[in-house]
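Below are the chains, spelled out letter by letter.
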Amino acid sequence: MLSDMLSRIAIEYAYERAKPFTDSQFGHFVRRDLAIEARKIISFWPFDIKVKASVGAGNWAAVPWLAFFDPLVTESATKGFYVAYLVNAQTNSVSLSLNQGTTEVYNEYGQSRGREVLCRCAVDITDRVPENASQFGITPIDLGSEDALPKGYEAGHSFGVTYEIQDLGEERIISDLQTMLFAYEALVNRGGTVPADIMQEESGTNDIEETRRYVLSRRIERSPRVRREVLARRNPICEACGLDPIQDYGFRDSASTSPLDVHHCAPLRGLAEVETRRYRIPDDFLVLCPNCHRMIHKLDDPSNLKALKSKIRLKYMRDRRFPLP
């Protein structure tokens, strides 16, 4: 059970960390068995989440973790925001936390200033999903280490809960994890950590719900995994104007590096706060050249390919230098 595994890590990690890192059976247990158990639990829940557990890369980490990543945001604990169990091996406690990638922030701002940035962003995250944060608490976490990464995790903590060993009951652990993942998805749906003024400027509207839907749709389109899968399953030709990178420009690289864009055309108007099914590949997407992609977002209905084609046809009719498509 997940609770038993987390308890074992909290109790045994300090002892195991004194042993050689290479080929450690305890390390394999955390990276493989713990992650598999977590995947089994969430496989029946309505989330598109990647799971990873770690005890360090090349050397023992000060704080072992089990993390849950939305691929639209990040697939790594080094950047973005995510949900994680963080283990304090000194007090044998485990914290469930909505946290942030520390490494990327440190690289940009340095450690001292970076922790200040993480703290400010943690407050912004809590403010964006206050009803979710209130289900947990904003009490700071203590990971029992002065190392750079644990101090970054402490600064990046937005809200969550800390369990002592005796509190690690399976029913509570599972219930809290599901509640936290719903909070995580609500944060993604509302624009994540992007400031509201920047979201509104990008979307071209002051309506907060329209802005959130626009930002989420664009996040979907820019996901490397979504782009790769859509281009592998749809014809790599602009579905509006017919531009063919192979025929028109001699493009010969793989489809995933095509100059074409992936457009998320399924309306998000009906997406409820607790609904996490955001797209179906390839049904909810169009393949468009950058110009057509920019223009379809200007339409009242950004899913109306027929309307975009009509505008393109009128353009060709006005300009007789080009044949009708």
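As the structure is a prediction and not an experimental result, all values here were calculated from the model.

Cut-offs used in this document
- Residues numbered from 1 in each chain as written.
- Predicted model: local features only at pLDDT ≥ 70, side-chain atom pairs only at ≥ 80, totals over all residues.
- Heavy atoms only, no water.
- Helix = DSSP H or I, 4+ residues; strand = E, 2+ residues; numbered from the N terminus.
- Salt bridge = Lys/Arg side-chain N within 4 Å of Asp/Glu carboxyl O.
- Buried < 20%, exposed > 50% of the residue type's maximum accessible area, 1.4 Å probe, protein only.
- Pairing = 2+ DSSP bridges.
- Axes fitted to C-alpha atoms, helices over the stretch in contact; angles between N-to-C directions.
- Core = buried A, V, L, I, M, F, W, Y, C linked by side-chain atoms within 4.5 Å.
- Contact = heavy atoms within 4.5 Å.
- Parallel < 35°, antiparallel > 145°, perpendicular 65-115°, else oblique.
- Left-handed = near helix turned anticlockwise from the far one by under 90°.
- Nonpolar A, V, L, I, M, F, W, Y, C, P; charged D, E, K, R; others polar.
- Polar contact = N/O pair within 3.5 Å; in protein donor to acceptor, adjacent residues only side chain to side chain.

## Details of unusual backbone geometry
Now for step 1: Here the residue pair Ile-281 and Pro-282 is connected by a cis peptide bond, since its omega of 5 degrees sits within 30 degrees of zero.
Now for step 2: Along the chain, the position of Pro-282 falls in the loop between strand E6 (261-264) and strand E7 (285-288).
Now for step 3: Non-glycine residue Asp-23 carries a positive phi angle of around 60 degrees.
Now for step 4: Secondary-structure assignment places Asp-23 in the loop between helix H1 (2-16) and helix H2 (25-42).
Now for step 5: Although it is not a glycine, Asn-92 adopts a positive phi angle of roughly 55 degrees.

## Considering the pattern of salt bridges
Any two side chains of opposite charge can pair, on the condition that their charged atoms come close.
Now for step 1: Per the counting criterion, the structure on display carries twelve salt bridges.
Now for step 2: The closest approach of N and O atoms between Lys-40 and Glu-37, which form a salt bridge, is 3.3 Å. Highlighted residues: Lys-40 and Glu-37, both in helix H2, separated by three residues, approximately one helical turn.
Now for step 3: The partly exposed category is assigned to Lys-40, whose relative accessible area is 48%.
Now for step 4: On the basis of relative accessibility, which here comes to 15%, the residue Glu-37 falls in the buried class.

## Quick look at the sheet that holds strand E1 (residues 50-54)
Now for step 1: Pairing within the open sheet is antiparallel, and its five strands lie in the order E1-E2-E3-E4-E5. Only two strands of the sheet have a single neighbouring strand rather than two, namely E1 and strand E5 (159-163). Ignoring which end each strand starts from, the neighbouring axes of this sheet average 15 degrees apart.
Now for step 2: Here strand E3 (residues 81-88) runs beside strand E4 (residues 93-100); their pairing, made up of eight bridges, is antiparallel. Looking at E4, one finds that Val-87 is bridged to Val-94.

## As for the pairing of E7
Now for step 1: Side chains Phe-285 and Val-287 of E7 all project onto a buried face; the interleaved residues Leu-286 and Leu-288 project onto the opposite face, where all are buried too.
Now for step 2: In terms of strand pairing, E6 meets E7 through four bridges, oriented antiparallel. Note on E7: the bridge partner recorded for His-264 is Phe-285.

## With respect to the nonpolar core
Now for step 1: Among the nonpolar cores identified, the biggest contains 88 residues, and Phe-68 and Tyr-85 are the most heavily contacted of them.
Now for step 2: Broken down by element, the residue count for this core peaks at nine residues, all from helix H7 (residues 170-189).
Now for step 3: Those residues in contact with Tyr-85, other than ones at most four positions away along the chain, are Leu-2, Leu-6, Pro-64, Trp-65, Leu-66, Phe-68, Val-94, Ser-95, Leu-96, Tyr-163, Ile-173 and Leu-177.

## Some thoughts on the side chain of Ser-258
Now for step 1: Positionally, Ser-258 belongs in the loop between helix H11 (245-249) and E6.
Now for step 2: Apart from residues lying up to four places away in sequence, Ser-258 is in contact with Arg-227, Leu-231, Pro-245 and Phe-251.

## Some words on the packing of helix H3 (residues 102-109) against helix H4 (residues 111-128)
Now for step 1: Across the interface, H3 lies against H4 with an axial gap of 8 Å and an inter-helix angle of 125 degrees. By the criterion of interaxial angle, the relationship of H3 to H4 is oblique. In the crossing of H3 with H4, the sense of the turn from one axis to the other is right-handed. Side by side, H3 and H4 meet where Thr-102, Val-105, Tyr-106 and Tyr-109 of the first sit next to Gln-111, Arg-113, Gly-114, Arg-115, Val-117 and Leu-118 of the second.
Now for step 2: Its residues placed into classes, the contact of H3 with H4 shows five nonpolar, three polar and two charged.

## A word on the side chain of His-157
Now for step 1: Residue placement: His-157 occurs in the loop between helix H6 (148-156) and E5.
Now for step 2: At 3.3 Å, the side chain of His-157 forms a polar contact with the backbone oxygen of Thr-139.
Now for step 3: Those residues within four positions of His-157 in sequence are excluded, and the remaining contacts are Leu-96, Ser-97, Leu-98, Asn-99, Ala-122, Gly-137, Thr-139, Pro-140 and Ile-141.

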